Structures are given as structure tokens and as C-alpha cells.
Amino acid sequence: MNLISAQTQIPRGCPSLSIPSFNPPSQFPPSPFLMPYAPAPHFAELATSNGDSRGGFRPRVVAKASATSGYGGEEIAEILGDVRIFTAAGEHVLFKDLWDQKEGMAVVALLRHFGCPCCWELASTLKESKARFDSSGVKLIAIGVGTPNKARILADRLPFPMDCLYADPERKAYDLLGLYYGFGRTFFNPASAKVLSKSRFDALREATKNYSIDATPDDRSGVLQQGGMFVFKGKQLLYARKDEGTGDHAPLDDIYDVCCRVPA
């Protein structure tokens, strides 16, 4: 549960938090805990245990880790199928058109947002893995929160292949997948401490050497979104993992085991 929840509401008289914009120094990556955050009316309205800034609660579709039973077989692929997102070039595309829905294998990585330094690290790792995915007949799909022009900043400056990058500015797919959202998940979840290790620090520094905060969504509520990783074969969900906190990405070895096994 988030540290700030519906049961621990902050009084309405409290001022909203505003973290100033920054230009990350070239010698080290920006801290994932210093994400740009716009003033909000009240913490409790943004940081309920599973709520979002638009009111109501997000559906809890997936259990923790790689459990897939919460999706009900092919049901989640059917539900996601008509979700309309954008290519990085700005064209509308339906989720069901992202890969072959009969036999095609796809790794679908939902990033937090295009201005998240940890997501630049993940995108860099995915880019390095693309050749392995391609050789196994697996399509790489990366989706982020923000508009297509924000996606293009990441694509240009990281760089990252634009034909693998998509934008979900209204977080429709994130809603349907029940991915975590909230102030506590973003800034204080223990899983976020993983990014403080030496190996992750070096990876972050390399991935963010051309980082631009301009990739952050204009709708700052999007920075409270967490991501996840999913593997599909046709409409069958083979793997699902919700990020517990900022930078808590699925182990790539787990993904390889699911979709890139070499036949005996």
C-alpha cells in the first residue's frame, strides 16, 4: 500500500508540493526521486492507494510479479485490443494492431513516462536487447506516458528506434492493466531503492547522458504512473509483471526465458 493513502489524508490546508525543474549534471544521472511534479490540489486526491488524478480507482487486474492468472486467459488481449494510442510519429494505432494477434510474439514494455530517467535506462537496455528479440521472431514494443512529441525526444536523444515506440498520453492501457499509480509508489516504495546500486548508477549515467527534462509529460499527473512488462504470443499472455516502484523493472533474463528460448 502507498505510504500516503486514503486512510492518511493530508488536510486540505496543507500546501501542495512543488519540486523545481532541474538540468541534470553530466557527471551523474538525475535521482529518480526528483521527478518533476506539478502542484496538485491536495495529496489525497492524487495519492490514494490505487487511485488517479481523474477520480475513482484503477482496476486491479494483475497480481504481483509474473502471475498471469488475474487476466483470465486471452481476455486481457481482447480488452486491450481496441485501446487507441499513438505511434511516436503521431499516428493513431489500435493496441491489437501492434503485433500479429494469431501467432506473433511480442514483448510489451510499459514505461513510466518519457521524462523518467529510469525509463531511459530501461529503454537503453531494451534497445540493446532488440537484436536478440528480432532473431527470435519477437516484436519489441515500448509504450510511455506522454504525447508523441515527448516520445520523439527520447527516440532522438537516447536514441531509440521510433518504430518500436508508442505514446499513451491518457494512460488507457495502464488503467486496464491495473498498473500502480500514486505519490507513495513513485517516491517512497522500497522497491525503488534498487536504482541506488553501483551497477544501476553506472547504467543510469550512461543512459541519461543526453537526457532532457523536456520529455516529461505536460500533464504532470503522469509522473506518478508506474510501468510493467508483458509478453504475449498471439492473444495469449505468457508473462506479466507490475513495477512495484520507480525503476523496479522486470529482469530481462526472465523475459528471455519466456520468449527467446533456444529449442533443444
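Look up: the structure comes first, before these words.
We now turn to the structure provided with this report. (Residues numbered from 1 in each chain as written. Predicted model: local features only at pLDDT ≥ 70, side-chain atom pairs only at ≥ 80, totals over all residues. Heavy atoms only, no water.)

Let us now look at the packing of helix H3 (residues 117-135) against helix H7 (residues 198-207). At a minimum axis separation of 8 Å, H3 and H7 run at an interaxial angle of 90°. In this view, H3 runs roughly perpendicular relative to H7, as classed from their interaxial angle. Contact residues: H3 offers Pro117, Cys118, Trp120, Glu121 and Ser124, while H7 offers Arg200, Ala203, Leu204 and Ala207. Tallied by class, the residues present in the contact of H3 with H7 amount to 6 nonpolar, 1 polar and 2 charged. (Axes fitted to C-alpha atoms, helices over the stretch in contact; angles between N-to-C directions. Helix = DSSP H or I, 4+ residues; strand = E, 2+ residues; numbered from the N terminus. Parallel < 35°, antiparallel > 145°, perpendicular 65-115°, else oblique. Contact = heavy atoms within 4.5 Å. Nonpolar A, V, L, I, M, F, W, Y, C, P; charged D, E, K, R; others polar.)

Looking at where His113 falls in the secondary structure, it is placed in strand E3 (residues 105-113). A residue is classified by how much of its surface remains accessible, and His113, at 0% relative accessible area, is buried. (Buried < 20%, exposed > 50% of the residue type's maximum accessible area, 1.4 Å probe, protein only.)

This part covers helix H4 (residues 148-157). Of all the residues in H4, the buried ones are Pro148, Lys150, Ala151, Ile153, Leu154 and Ala155. Where H4 is buried, its residues meet strand E1 (84-87), H3 and strand E5 (165-167).

What the rule picks out here adds up to 11 salt bridges. Between Lys130 and Asp134 there is a salt bridge, with its nearest N and O atoms 2.9 Å apart. Here Lys130 pairs with Asp134, and both are found in helix H3, just 4 residues apart, close to one helical turn. Taking relative accessible area as the criterion, Asp134 reaches 43% and is therefore assigned partly exposed. (Salt bridge = Lys/Arg side-chain N within 4 Å of Asp/Glu carboxyl O.)

Note that Arg200 resides in helix H7. Overall, Arg200 belongs to the buried group, its relative accessible area being 16%. At 2.6 Å, the side chain of Arg200 and the side chain of Glu121 are in polar contact. Setting aside its immediate chain neighbours within four residues, Arg200 contacts Glu121, Lys194, Val195, Gly247 and His249. (Polar contact = N/O pair within 3.5 Å; in protein donor to acceptor, adjacent residues only side chain to side chain.)

Before going further, it helps to examine the pairing of E3. Burial within E3 is extensive, with 9 of its 9 residues counted as buried. Viewed along the sheet, the connection from E3 through H3 into strand E4 (residues 138-145) turns out right-handed. Relative to strand E6 (residues 228-233), E3 is paired through 6 bridges, and the arrangement is antiparallel. Bridge pairing links Ala106 to Phe232 in E6. (Right-handed = clockwise from strand over helix to strand, strands pointing away. Pairing = 2+ DSSP bridges.)

Once that is clear, we can look at the nonpolar core. Core analysis: the largest hydrophobic core is formed by 40 residues, its most contacted members being Val107, Phe133, Phe160, Leu165, Met229, Ile255 and Cys259. Within the residue set of this core, elements represented by two or more residues are E3, H3, E4, H4, E5, E6 and helix H8 (252-259). Counting residues per element, this core draws most heavily on H3, which supplies 7 residues. Setting aside residues no more than four positions away along its own chain, Val107 makes contact with Phe133, Val138, Lys139, Leu140, Ile141, Met229, Phe230, Val231, Ile255 and Cys259. Grouped together as the second largest cluster of nonpolar side chains are 24 residues, Ile85, Phe95, Leu177 and Ala240 included. (Core = buried A, V, L, I, M, F, W, Y, C linked by side-chain atoms within 4.5 Å.)

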